[in-house]
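Remarks on the overall topology
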Amino acid sequence: MLISKDWIEYKILKTSNGMKLESWNNINLLRPDPVVTWDLGDFSNFKINAMYNRSSTGGGYWDNLMKTPASWVVNYKDLKFLVKEMGFKHTGLFPEQATNWDFAMNKIKSSKKEVKVLNLFAYTGGATIASLKAGASVTHVDASRGMIDWAKENVKLNKLEDKPVRFLVDDVVKFIKREIRRGNKYDAIIMDPPSFGRGASGEVWQVENDLENLLKLCKEVLSDDYLFIIINTYSANLPKISLENIIKINFPNVSLLVDDLCLPIENCDLYLPCGITARIEK
């Protein structure tokens, strides 16, 4: 397991019956999580600021049981992130990725060259912030303008506006194909492809069908002495072994780690599974 265990301002307080109670800098949010298939009783002994309720017609809504700010800041080491209650139960931050931030920062800092990072499906920029902090330049690509705007807020929050970062609202596959034609190269690629997605022009993305083609394209924009690739997946349709097989076929003779991402649960020896990550090193 790859465990993000160095958080101070984020904690999983309890998990039970398809729900998880998290403390985000002392604001407690109760959210559904389908991997929580065990019963540890109810949450009546905890303060709950807000709870996400699923709707029978799809989606859901936040029920603010106590006063909750429109947005607030959560710190991880010297990184700062803006979080808020979003649709579909999200908060704009995936805390399990902290172990990958640490890995990327260590690789960038130990490199003896200027490092160019490509962050694909980059969301609100957790990996972008970590890479900029470590001294890399970053190209941040996401199809959602709202997520790009949020990532820019995180850059300002961390006082990194003067660092070399490029934000692009774009379809990832189309962008990579243009970069291949331009001859642009990157020393590291980080990607968080969704299980399913639909582009602005109706493009359909399904990770189990489309990830391998994306990896083939990414090979063509990697520098000869690239540092690493990080791939995160959250789809039950792409098991760990399948992901590992795809990578071994397309990246033979590399150092490869494919493992479960997990978060510790307070006051017990249980861990919450949070998807799969793969780390490729030359």
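Here is what the cut-offs are and how they apply
Residues numbered from 1 in each chain as written. Predicted model: local features only at pLDDT ≥ 70, side-chain atom pairs only at ≥ 80, totals over all residues. Heavy atoms only, no water. Salt bridge = Lys/Arg side-chain N within 4 Å of Asp/Glu carboxyl O. Helix = DSSP H or I, 4+ residues; strand = E, 2+ residues; numbered from the N terminus. Buried < 20%, exposed > 50% of the residue type's maximum accessible area, 1.4 Å probe, protein only. Axes fitted to C-alpha atoms, helices over the stretch in contact; angles between N-to-C directions. Parallel < 35°, antiparallel > 145°, perpendicular 65-115°, else oblique. Left-handed = near helix turned anticlockwise from the far one by under 90°. Contact = heavy atoms within 4.5 Å. Core = buried A, V, L, I, M, F, W, Y, C linked by side-chain atoms within 4.5 Å. Phe/Tyr/Trp six-rings, centres within 6.5 Å; stacked < 30°, edge-to-face > 60°. Lys NZ or Arg CZ within 6 Å of the ring centre and 35° of its normal.

1. Observations concerning the pattern of salt bridges
Counted by the stated rule, this structure contains 13 salt bridges. Linking Lys113 and Asp187 is a salt bridge whose minimum nitrogen-to-oxygen distance equals 2.9 Å. Highlighted residues: Lys113 in the loop between helix 1 (98-110) and strand 9 (116-120) and Asp187 in the loop between helix 4 (172-182) and strand 12 (188-191), separated in sequence by 74 residues. Taking the relative accessible area as the measure of exposure, Asp187 reaches 8% and is therefore buried. Several salt bridges converge on common partners, so that one network encompasses Lys20, Glu22, Arg31 and Asp33.

2. Examining the packing of helix 1 against helix 2 (residues 126-134)
It is the contact of helix 1 with helix 2, at a shortest axis distance of 9 Å, that shows an interaxial angle of 30°. In this view, helix 1 runs roughly parallel relative to helix 2, as classed from their interaxial angle. Judged by the twist between their axes, the crossing of helix 1 over helix 2 is right-handed. Of the residues in helix 2, those touching helix 1 at Trp101, Met105, Ile108 and Lys109 are Gly126, Ala127, Ala130, Ser131, Lys133 and Ala134.

3. A few points about the side chain of Thr128
Within the secondary structure, Thr128 sits in helix 2. Given the relative accessible area of 1%, Thr128 is considered buried. Once residues lying within four places of it in the same chain are set aside, the contact partners of Thr128 are Asn119, Val138, His140 and Val165.

4. Some details on the nonpolar core
Judged by nonpolar contacts, the single largest core of 43 residues is most densely connected at Trp7, Trp24, Leu79, Trp101, Val117 and Phe228. By residue number, the principal contributor to this core is helix 1, which donates six residues. The residues contacting Phe228, other than those within four sequence positions of it, are Phe103, Ala104, Lys107, Ile108, Asp187, Ala188, Ile189, Ile190, Ile280 and Glu281. Ranked by size, the runner-up nonpolar core spans 32 residues in total, among them Phe121, Met191, Leu215 and Ala278.

5. Notes on unusual backbone geometry
Leave glycine aside and you will find that most residues have negative phi; peptide bonds, for their part, are mostly trans. Unlike most non-glycine residues, Asn253 shows phi in positive territory, near 60°. Within the secondary structure, Asn253 sits in the loop between helix 6 (240-250) and strand 16 (255-264). Residue classification places Asn253 among the exposed positions, given a relative accessible area of 80%. Residues other than glycine seldom take positive phi values, yet Asn267 does so here, at roughly 60°. When you line up the elements, Asn267 lands in the loop between strand 16 and strand 17 (271-281).

6. Digging into the packing of aromatic side chains
Counting across every chain of the model gives ten aromatic pairs. Arranged with centres 5.8 Å apart and planes meeting at 65°, the rings of Tyr76 and Trp101 form a pair that is edge-to-face. One end of the pair, Tyr76, is in strand 7 (residues 72-76); the other, Trp101, is in helix 1, with 25 residues separating them in the sequence. Trp101 gets classed as buried once you look at its relative accessible area, which sits at 4%. Judged by centre distance (5.4 Å) and plane angle (40°), the ring pair of Phe94 and Tyr123 falls under tilted. One end of the pair, Phe94, is in the loop between strand 8 (79-83) and helix 1; the other, Tyr123, is in the loop between strand 9 and helix 2, with 29 residues separating them in the sequence. Looking at Phe94, the relative accessible area reads 29%, which means it is partly exposed. Cluster of aromatic residues (ring-pair linked, three or more members): Trp7, Tyr10, Trp24, Tyr76, Phe81 and Trp101. It is Lys84 that lies over the ring of Trp150; its NZ or CZ is 4.5 Å from the centre. The ring of Tyr186 carries the charged tip of Lys116 above its face, separated from the ring centre by 5.2 Å.

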